[in-house]
Amino acid sequence: MKRIAYRFFLIVLLSVLAVEVFPVSAQEDSWFDEGNYDEEWLDKNFDNDVMIISTPEEFAAWGAAMNRWSWNYPDKTVRLAADIDMSAHKWITPVNERFGSYFSGVFDGDGYTISGLMVVPAEEGGGYSDDYKRVAAGLFGEVRRAEIRDLTLDETCRVEVSGIYYFSFGDLDLEIGAIAAVGAESRFIRCVNRADVVVTSAIWGSETYETICSVSGIVAHADDVKLIGCSNEWHMTIDVHSDVVDIRVSGLVGRCGPVYGNENRIVSCTNWGNIFVSGNTSGSVSVGGISSNYSFRVDSCENHSVVKVNAYEGSAYVGGVSSASMGITHSFNRDSVICESDGFEVQVGGVCSYSYNSSQTDSLYTCGNEGEIEVKSNGSMLSVGGVMGQNTGCLIVDCWNRGGLKIESSAPRSSSGWNAIYAGGLVGYCEKPVYNSYNRGNISLIDAHIDVEGSSQGSVGGLVGKAYKLLWNSYSTGDVYSDVAGVKVCRLSESNVHSCYYNSDAVIEGAEVDEQGTAYRRAEMQSAGSGFLEALNNNATEGGASCRNWGYIPGENDGYPVHIDRIVDGVDSPADHSVGRVYAANGRLFVQSDRSMQLPVYKVTGQIVKIMNVVEGLNTDYLPCGVYVVAGQVVAVTAGNK
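Residues numbered from 1 in each chain as written. Predicted model: local features only at pLDDT ≥ 70, side-chain atom pairs only at ≥ 80, totals over all residues. Heavy atoms only, no water.

**As for the sheet that holds strand β53 (residues 464–467)**
1) Next: An order of β33-β38-β43-β48-β53 is seen for the 5 strands of this open sheet, with the pairing classed as parallel. Edge strands, defined here as strands with exactly one partner in the open sheet, are β33 (322–325) and β53. The average angle at which neighbouring strand axes cross in this sheet is 10°, direction not considered.
2) Next: Judged from the 3 bridges that link them, strand β48 (residues 427–430) and β53 form a sheet pairing that is parallel. Bridge assignment links C430 to a residue of β53, and that residue is A467. (Pairing = 2+ DSSP bridges. Helix = DSSP H or I, 4+ residues; strand = E, 2+ residues; numbered from the N terminus. Axes fitted to C-alpha atoms, helices over the stretch in contact; angles between N-to-C directions.)

**Structural notes on the pairing of strand β38 (residues 352–355)**
1) Next: The sheet contact formed by β33 and β38 spans 3 bridges and is parallel. Note on β38: the bridge partner recorded for A324 is Y354.
2) Next: Strand direction decides the pairing type here: β38 and strand β43 (residues 388–391), joined by 3 bridges, are parallel. Bridged to S355 within β43 is N391.

**What to know about the nonpolar core**
1) Next: Core analysis: the largest hydrophobic core is formed by 127 residues, its most contacted members being W62 and F188.
2) Next: By residue number, the principal contributor to this core is helix α3 (residues 56–69), which donates 7 residues.
3) Next: Residue contacts for W62: discarding those within four places in its chain leaves W41, I53, Y73, V78, W91, F103, F107, L139 and F140.
4) Next: Formed by 15 residues, the second largest nonpolar core is a distinct cluster that contains M597, M612, L623 and V637. (Core = buried A, V, L, I, M, F, W, Y, C linked by side-chain atoms within 4.5 Å. Buried < 20%, exposed > 50% of the residue type's maximum accessible area, 1.4 Å probe, protein only. Contact = heavy atoms within 4.5 Å.)

**Regarding the packing of aromatic side chains**
1) Next: Evaluation of the coordinates by the stated rule reveals 28 aromatic pairs.
2) Next: Judged by centre distance (4.4 Å) and plane angle (55°), the rings of W71 and Y73 are tilted. Across the pair, exposure class does not vary: W71 and Y73 are buried alike.
3) Next: Site record: aromatic cluster; members linked through ring pairs are F32, F46, F59, W62, W71, Y73, W91, F103, F107 and F140.
4) Next: Across the ring face of F46, the terminal group of K76 is positioned such that the distance to the ring centre comes to 5.8 Å.
5) Next: The ring of W400 has R402 lying over it, and the distance from NZ or CZ to the ring centre is 4.2 Å. (Phe/Tyr/Trp six-rings, centres within 6.5 Å; stacked < 30°, edge-to-face > 60°. Lys NZ or Arg CZ within 6 Å of the ring centre and 35° of its normal.)

**Digging into the confidence of the model for the protein chain**
1) Next: Per-residue confidence for the protein chain gives a mean pLDDT of 85; residues scoring 70 or more make up 86%.
2) Next: Scored below 50 in pLDDT, residues 1–26 shows 23 contacts in the model against residues more than four places distant or in partner chains.
3) Next: Contacts of residues 565–578 to residues separated by more than four positions or lying in other chains number 43 contacts, the stretch itself having pLDDT below 50. (pLDDT = per-residue confidence, 0-100.)

Printed below as a string of structure tokens:
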């Protein structure tokens, strides 16, 4: 009876919110209603390899062909020739309930902008003979074996899903992506979303089936997809109430295919929009600035906005860049990560919340966080790190944290209860090695039930809370404090500390204190003549770690050492490379090589950006705008041309 009453209350509440907070749009009809689209456009362009769109009515005709007739544009390029204002009517996500519909050609926005697009969801399945129900929202319902490039939705666009959805006979999926609900075997290149994405729904599925709500600024559900140079630049607000749903939210991509399936990659992408997620569900809540799934490899990406999660019942996995890692390189979080959860398990990290323990898991390489991390947890398992919360399958090399960690644990304390807390400037709980990394943030763990008898177990460290493998040649400068009974407080880590250093001027305070490591005063750590820099460089190649050189850069890192000339073991130095011409065009780097090799790409300041796997012949890769050094040659990468 309580659950039925609770559902009724939510239905009434969400109905009121839908009317008062999100008023009904003036758009009463659809672009796909007869008379609203150019009925002759498809016939005129059907035999053309390149199909041109210049008006809103032609744009609607393109969508109607998928929505009404399920034609998927095979071997066609659809190209915008003007900015398109779609504010006259609403855009019902192009899906076809009976046959399914998808886009399989090339959609070239050619740098033009779509404005006024109001996307509403469409539904598939859900009948008595079906074993699934799908709610899809996006400019594209689905793309397969397609390429979507140079497409922009501006700030006047909006994607809104505010319904009440129920299905108890099979899988229930909500797939809400501003550009596409679903992508398979496809590429998204230089796509930009500035549309509001708002989801306020009640979702009721069955505990015996899969119920998932996936939301993103680009593509919600992806399998064998690559995103290159894309960005989400506006806010996402998700408030989902459900008994069983798993929630996946991020700026670029939500849910992904299986971890052992096709490879998914995100390269040179950025999130600029705040992400606010509120989930009252017994399922899991996974949120990241760039990605919310472990089967994406992330390279050269950044999150510049707040990621905030309130998970009232379900376990929470929250990261500034990604919820989880199968491999993240040269990616950074620049803003706050905030999580409040009553769920059993909470994992939070400035870059990612956890790594997936599998043979395919790669390293966390050259990644950093400078945002503040705030966590309030009522759960029994809590892992928080400036870079990663819990690491069970990922080598961590050349990573840093400059943001503070403020953690409040309110899990019940009793002699019969059990809970574990791990927090660290880099990693909370870590089963893999950490090399050549540093923490500059202060760490504070507060017990909200300090007056309750009993204690927790765990540890808090300047670098790693609990380290089961080698912690090598790294340093911490931050304060470490905890008043939680049973939790050890460490300058660096509880165990496995080798050739690591701490700031002796920093404050360490707790019931049980551990100060292993080598101490330097703050002034010594900031001075080239103190021996601290020499110690870092002398130890940089030990322990099987990749080679690193440390140094001081004026005006950077508050005077503490950073990595300045990084060359990975087994990778030739630039002077050794047998490459010909290196140049840039249309936002891409081109390298002509006479053999296969690994080629480091440097900033002009000396920091490595990435390692290119070069083959014989002409190679290309996407890079953010900037000046780089490749094989001893200086090249400037600028934005792509129309």
